[in-house]
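Coordinates in review
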Amino acid sequence: MNDHAFRNDLIALIPPLRAFAISLTGKVDRADDLVQETLLKAWANRESFEPGTKLKAWLFTILRNEFYTVFRKRKREVEDADGIIAANVGVHPEQDGHMDLTDMQNALVRLPVDQREALLLVSASDMSYEEAAVICGVAVGTIKSRVNRARARLAELLHLKEASEFGPEAEVRAALMSKTSAG
């Protein structure tokens, strides 16, 4: 069976598929989703359909199998319309981290090139001030000054209170504070 004829036969069977799906789900919107998924699977696997057999029976089997697959998944889901359960989830959503990274990247681009270079060499590449100075061909004091100005500017761009809120010193400070508050 060619693709055109197969497509026409699929379209002709949408009403009975939809009626069957509504009888299974009891909801029109879920039934429409189920029919759509059935049609997608049928189209993707059209080579496995054997001409001469009943297309309607094949489609109904796909629809029924898809219904039970979705039904099994939904049994494990918990409805949380108010968001109460999600608010108590121990794992925080990843979007915040992604947005923070995007903000940091945007702020880094706004730094002067010499400051950005110094900051990335010392902070991101974990090089010493001396190593960064050699790479940039400037004095160690110049690298320290550029890193300090870059951190201050990033703090300003990211609306942080001060530059010490990020960087390796912040990690050490956070670790020390957690030990003193725990003891």
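The paragraphs below set out a description of the structure included in this document. (Residues numbered from 1 in each chain as written. Predicted model: local features only at pLDDT ≥ 70, side-chain atom pairs only at ≥ 80, totals over all residues. Heavy atoms only, no water.)

**Focus on the overall build of the protein chain**
Assigned secondary structure in the protein chain consists of 10 helices and 0 strands. When the helices and strands of the protein chain are listed from N to C terminus, the series reads α-α-α-α-α-α-α-α-α-α. Here the protein chain holds 183 residues, and 21% of them are scored as buried. Intrachain contacts of the protein chain at a sequence separation of at least 6 include 50% that bridge at least 24 residues. As displayed, the protein chain offers around 12,900 Å² of accessible surface, 55% of which is attributable to carbon and sulfur atoms. (Helix = DSSP H or I, 4+ residues; strand = E, 2+ residues; numbered from the N terminus. Buried < 20%, exposed > 50% of the residue type's maximum accessible area, 1.4 Å probe, protein only. Contact = heavy atoms within 4.5 Å. Areas by Shrake-Rupley, 256 points an atom, 1.4 Å probe, with all protein chains shown as cover.)

**Considerations on a nonpolar patch on the surface**
A grouping of Val78, Ile85 and Val89 is seen on the molecular surface, where their side chains present a nonpolar patch of about 270 Å² in accessible area. With respect to the helices, strands and loops of the structure, valine 78 is situated in the loop between α4 (55-75) and α5 (84-87). (Patch = residues over 30% accessible without salt bridge, like charges linked within 9 Å, V, L, I, M, F, W, Y side chains within 5 Å. Salt bridge = Lys/Arg side-chain N within 4 Å of Asp/Glu carboxyl O.)

**Structural notes on the packing of helix α2 (residues 14-25) against helix α3 (residues 28-44)**
Where α2 contacts α3, the axes come no closer than 8 Å and their chain directions differ by 130°. Of the possible angle classes, the one that applies to α2 and α3 is oblique. Taken as a pair, α2 and α3 cross one another with a handedness that is right-handed. On the side of α2, the interface is formed by Ile14, Leu17, Arg18, Ala21, Ile22 and Thr25, while α3 contributes Val28, Arg30, Ala31, Asp32, Leu34, Val35 and Leu39. Each residue belonging to the contact of α2 with α3 can be placed in one class, and the counts come to 9 nonpolar, 1 polar and 3 charged. (Axes fitted to C-alpha atoms, helices over the stretch in contact; angles between N-to-C directions. Parallel < 35°, antiparallel > 145°, perpendicular 65-115°, else oblique. Left-handed = near helix turned anticlockwise from the far one by under 90°. Nonpolar A, V, L, I, M, F, W, Y, C, P; charged D, E, K, R; others polar.)

**Description of the packing of aromatic side chains**
Summed over all chains, the structure comprises 6 aromatic pairs. Residues phenylalanine 6 and tryptophan 43 carry aromatic rings whose centres are separated by 6.0 Å and whose planes lie at 45° to one another, so their mutual orientation is tilted. With phenylalanine 6 in helix α1 (residues 3-12) and tryptophan 43 in helix α3, this pair connects stretches of sequence that are 37 residues apart. Tryptophan 43 sits in the partly exposed class, given a relative accessible area of 30%. Measuring from centroid to centroid gives 5.2 Å for phenylalanine 49 and tryptophan 58, while their planes differ by 50°, and the two rings are tilted. Through a chain of ring-to-ring contacts, the aromatic side chains of Phe6, Trp43, Phe49 and Trp58 assemble into a single cluster. The cationic tip of lysine 144 hangs over the ring face of tyrosine 129; the distance from NZ or CZ to the ring centre is 5.6 Å. (Phe/Tyr/Trp six-rings, centres within 6.5 Å; stacked < 30°, edge-to-face > 60°. Lys NZ or Arg CZ within 6 Å of the ring centre and 35° of its normal.)

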